[in-house]
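In case you want the letters, here they are:
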Amino acid sequence: MAQNNIIASQLAPFIPNVQNTYTRNYIDDIVKEHTFDYGGRTLLIDEGGKVLIDSFDSMVDSTVSNVEIQRAFNNGSASKLYQHGNDYVIYSAVPLIEDNEIIGVSFMTINANDTILSVDRIIERLMIIYSVSIVISMVISLFFSEIIATPIEKLTESVKSITLGNYETRVEVEGNDEIAELTQSFNLMSTQLYQVDDRRKKFVSNVSHELRTPMTSMKIVSETLLSKEHWDEPVYREFLGDINSEVERLNHIIDSLLYLVRIEKEELELDMSITYVNYLIEKVIKTIKPIAHKKQIEVSFISDNRIQINLDQEKMQQCLLNIVGNAVKYTPENGKVWIELIDGKDNIHINVNDNGIGIPEKDIPYIFDRFYRVDEARTRKTGGTGLGLSIAQQIVQLHQGLIAVSANNTGGTSVSIQLPKI
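Residues numbered from 1 in each chain as written. Predicted model: local features only at pLDDT ≥ 70, side-chain atom pairs only at ≥ 80, totals over all residues. Heavy atoms only, no water.

A.B. asks: Provide a residue-level description of the overall build of the protein chain, including the pertinent values.
C.D. replies: Counting its regular elements, the protein chain contains ten helices and twelve strands. Burial statistics for the protein chain: of 422 residues in total, 36% are counted as buried. Long-range pairs, those at least 24 residues apart, make up 59% of the contacts in the protein chain with a sequence separation of at least 6. Accessible surface computed for the protein chain: about 25800 Å², of which carbon and sulfur atoms make up 53%. Mean positive and mean negative side-chain charge positions of the protein chain (39 and 58 charges, respectively) differ by 13 Å. (Helix = DSSP H or I, 4+ residues; strand = E, 2+ residues; numbered from the N terminus. Buried < 20%, exposed > 50% of the residue type's maximum accessible area, 1.4 Å probe, protein only. Contact = heavy atoms within 4.5 Å. Areas by Shrake-Rupley, 256 points an atom, 1.4 Å probe, with all protein chains shown as cover. Lys, Arg positive; Asp, Glu negative; His and termini not counted. Charge placed at Lys NZ, Arg CZ, Asp CG, Glu CD.)

A.B. asks: Can you lay out the nonpolar core for me, pointing to particular residues and giving the numbers?
C.D. replies: Membership of the largest hydrophobic core comes to 42 residues, with the highest contact counts inside it found for Ile-323, Ile-350, Ile-417 and Leu-419. The contacts of Ile-417, once residues within four sequence positions are left out, are Cys-319, Leu-320, Ile-323, Ile-348, His-349, Ile-350, Asn-351, Val-396, Leu-402 and Ile-403. In terms of nonpolar packing, the next biggest core, distinct from the first, is built from 16 residues, Val-18, Leu-52, Val-94 and Leu-96 among them. (Core = buried A, V, L, I, M, F, W, Y, C linked by side-chain atoms within 4.5 Å.)

A.B. asks: Could you give me a rundown of the sheet that holds strand S11 (residues 402-407), with the residues and numbers involved?
C.D. replies: Taken together, five strands build an open sheet; the order of strands is S7-S9-S10-S12-S11 and the sheet is mixed. Both edges of this open sheet fall to strand S7 (298-303) and S11, since each of them pairs with a single strand only. Strand-to-strand, the axes of this sheet are offset by a mean angle of 15°, without reference to chain direction. The pairing of S11 with strand S12 (residues 413-420) spans six bridges and is antiparallel. Following the sheet pairing, Ala-404 is matched in S12 by Ser-416. Contacting S7, strand S9 (336-343) and strand S10 (347-354), helix H7 (residues 277-294) crosses the sheet at an angle of about 170° to S7. (Pairing = 2+ DSSP bridges. Axes fitted to C-alpha atoms, helices over the stretch in contact; angles between N-to-C directions.)

A.B. asks: Just give me the short version of the pattern of salt bridges, but keep the residues and values in it.
C.D. replies: By the definition in use, this model includes nine salt bridges. Lys-32 serves as the salt-bridge partner of Asp-28, at 3.0 Å between the closest nitrogen and oxygen. With Asp-28 and Lys-32 both in helix H2 (residues 21-37) and four residues apart, this pair spans about one turn of that helix. The same class applies to Asp-28 as to Lys-32, namely buried. Asp-312 is paired through a salt bridge with Lys-315; the nearest N and O atoms lie 3.0 Å apart. (Salt bridge = Lys/Arg side-chain N within 4 Å of Asp/Glu carboxyl O.)

A.B. asks: Break down the packing of helix H1 (residues 2-11) against H2 for me, citing the residues and quoting the values.
C.D. replies: The N-to-C vectors of H1 and H2 enclose an angle of 165°; their axes lie 11 Å apart at closest approach. Relative to H2, the element H1 is oriented roughly antiparallel. For the pair H1 and H2, the sense of crossing is right-handed. Contacts between H1 and H2 involve Gln-3, Ile-6, Ile-7, Gln-10 and Leu-11 from the first element and Tyr-26, Ile-27, Ile-30, Val-31, His-34 and Thr-35 from the second. The class makeup of the residues in the contact of H1 with H2 is seven nonpolar, four polar and no charged. (Parallel < 35°, antiparallel > 145°, perpendicular 65-115°, else oblique. Left-handed = near helix turned anticlockwise from the far one by under 90°. Nonpolar A, V, L, I, M, F, W, Y, C, P; charged D, E, K, R; others polar.)

A.B. asks: Give a description of the packing of aromatic side chains that names residues and reports values.
C.D. replies: Two measures describe an aromatic ring pair: the distance that separates the ring centres and the angle between the ring planes. Taken as a whole, this structure holds four aromatic pairs when the rule is applied. If you follow Lys-228 out to its NZ or CZ, it ends over the ring of Trp-231, 4.5 Å from the centre. Here Arg-306 stacks its cationic end above the ring of Tyr-276, 4.5 Å away from the centre of that ring. (Phe/Tyr/Trp six-rings, centres within 6.5 Å; stacked < 30°, edge-to-face > 60°. Lys NZ or Arg CZ within 6 Å of the ring centre and 35° of its normal.)

A.B. asks: For a nonpolar patch on the surface, give the residues involved together with the corresponding values.
C.D. replies: Side chains of Ile-128, Val-132, Ile-136, Ile-140, Phe-143, Phe-144, Ile-148 and Ile-152 sit close together on the surface and give an oily, nonpolar patch of about 720 Å² of accessible area. By the secondary structure assignment, Phe-144 is in helix H4 (residues 113-163). The partly exposed category is assigned to Phe-144, whose relative accessible area is 43%. (Patch = residues over 30% accessible without salt bridge, like charges linked within 9 Å, V, L, I, M, F, W, Y side chains within 5 Å.)

A.B. asks: Can you tell me about the packing of helix H8 (residues 313-329) against helix H10 (residues 388-398), naming the residues and giving the values?
C.D. replies: Direction vectors running N to C along H8 and H10 enclose 145°, while the axes themselves pass 9 Å from each other. Considering only the axes of H8 and H10, their crossing is left-handed. Side by side, H8 and H10 meet where Lys-315, Met-316, Gln-318, Cys-319, Asn-322, Ile-323 and Asn-326 of the first sit next to Gly-388, Leu-389, Ile-391, Ala-392, Ile-395 and Val-396 of the second. The residue inventory of the contact of H8 with H10, partitioned by class, reads eight nonpolar, four polar and one charged.

A.B. asks: Describe the environment of Gln-397, and please don't skip the residues or the numbers.
C.D. replies: Counting through the fold element by element, Gln-397 comes out in helix H10. Along the chain, Gln-397 and Gln-418 lie 21 residues apart, while their C-alpha atoms are 9.9 Å from each other.

A.B. asks: Describe H7, naming the residues involved and giving the relevant values.
C.D. replies: Here H7 is 18 residues long and its end C-alpha atoms lie 27 Å apart, about the 26 Å a rise of 1.5 Å per residue gives. Ile-288 marks the point of greatest bend in H7, at about 45°, and the proline Pro-290 comes within the next four residues. Two residues or fewer after H7 comes Gln-296, characterised by a positive phi angle close to 55°. (Expected span 1.5 Å × (residues − 1). Bend = angle between axes of the 7 residues up to and from the residue.)

A.B. asks: If you had to explain the environment of Ala-72 to someone new, which residues and values would you point to?
C.D. replies: Assignment of secondary structure puts Ala-72 in helix H3 (residues 67-73). What makes Ala-72 buried here is its relative accessible area of 0%. Once residues lying within four places of it in the same chain are set aside, the contact partners of Ala-72 are Ala-93, Val-94, Pro-95, Ile-102 and Val-105.

A.B. asks: Give a detailed account of the confidence of the model for the protein chain, specifying residues and quantitative values.
C.D. replies: Reading fine detail from the predicted coordinates is not recommended where pLDDT is low. Summing up the model confidence of the protein chain, the mean pLDDT is 84 and the portion of residues at 70 or higher is 92%. Low pLDDT (under 50) marks residues 377-383, which in the prediction has 13 contacts with non-local residues, meaning those over four places away or in another chain. (pLDDT = per-residue confidence, 0-100.)

A.B. asks: Account for H2, with residues named and values stated.
C.D. replies: For H2, with 17 residues, the first-to-last C-alpha span of 24 Å sits near the 24 Å given by 1.5 Å per residue. All of the buried residues in H2 are Thr-23, Ile-27, Asp-28, Ile-30, Val-31, Lys-32, His-34 and Thr-35. Tucked inside the fold, the buried residues of H2 contact H1, strand S1 (40-46), strand S2 (51-54) and strand S5 (101-111). Where H2 begins, one side-chain oxygen reaches toward the backbone nitrogen of Tyr-22, 2.9 Å away; that side chain belongs to Asn-20. (Polar contact = N/O pair within 3.5 Å; in protein donor to acceptor, adjacent residues only side chain to side chain.)

Right, dumping it as structure tokens:
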């Protein structure tokens, strides 16, 4: 088709003078030169279908017509492959255009046996390559499926084990591929599930213990009262006072647990408002002062300037009451508790310090765990539940803040709260 277009565009201007001997010979030479190079045959046909030039010279002045020639006269090039017996022939027709008018058609035929044979050979080779590729792909697939399937089967078995509650299940990590990353993620998940389950068991155990203690105490007092028909009124009052104290302790534990559950379920909504933090701390100190006064503990507040930020005043007040209350509770008589308010660039810092008995370094990582106690005997004496710092931590985290506990220079404890300036 490309060769035919070259002939048509080169010879179209000479077709009107084809009767001129010199012009005819020139056209005939060009047609034969281009056609013989391709081993084909070219006919130049006028508007009536009459052959003007034939590269084989045998069809000059004959009339020819076919589908391709008709399409070329309709201003469209055409080509098609035909089979005649065992031979394949390509027909190609291109319009001869002069001054935007079709004055004839250049019709070329080329034997396509060699082309078809070459295509057949290429197809045969491709089929061989395709077949070999399939075999190689199957071998590689089987090889890699074994490599991939084995660790996945191990993971599957481990997942089944975890669903049965065996959270200590681990899978050996091999290699550095995606399966190895998946295995590492699985082991991390398994470790976290184990830690969660362990905390759950400890929590249930602690709750049971905390609830059983006051219940046991009330049962003993009640049985004592029932052991005799008559008691003096002062004894009744003393025993009933003990029962009332244990009931209050139970209520306090239950209220704290419900509060923690609400926080973790995200049922609590922060009622944010612009609050003077100085005023909030002074209000907390005013609430704690009566308890501190009984132990002759000095409670002071240190601040360079007035600071206001956006926070939930009620919940933050409860958080500070728990922390400052602990500081007063675990500071001996004639001790000191001082609160510092520091204005930072992006955050404010509230530091609650005391010169009390302090917290051993080994206990600091667990100080925010529910029901965790540094000294059981000391806690029984002070009447704590072990939930105050856990609640304080949850409230600070709800405010997108941070809380930490450390030992200070006086041998006591420092609790640091960092809140963003929202």
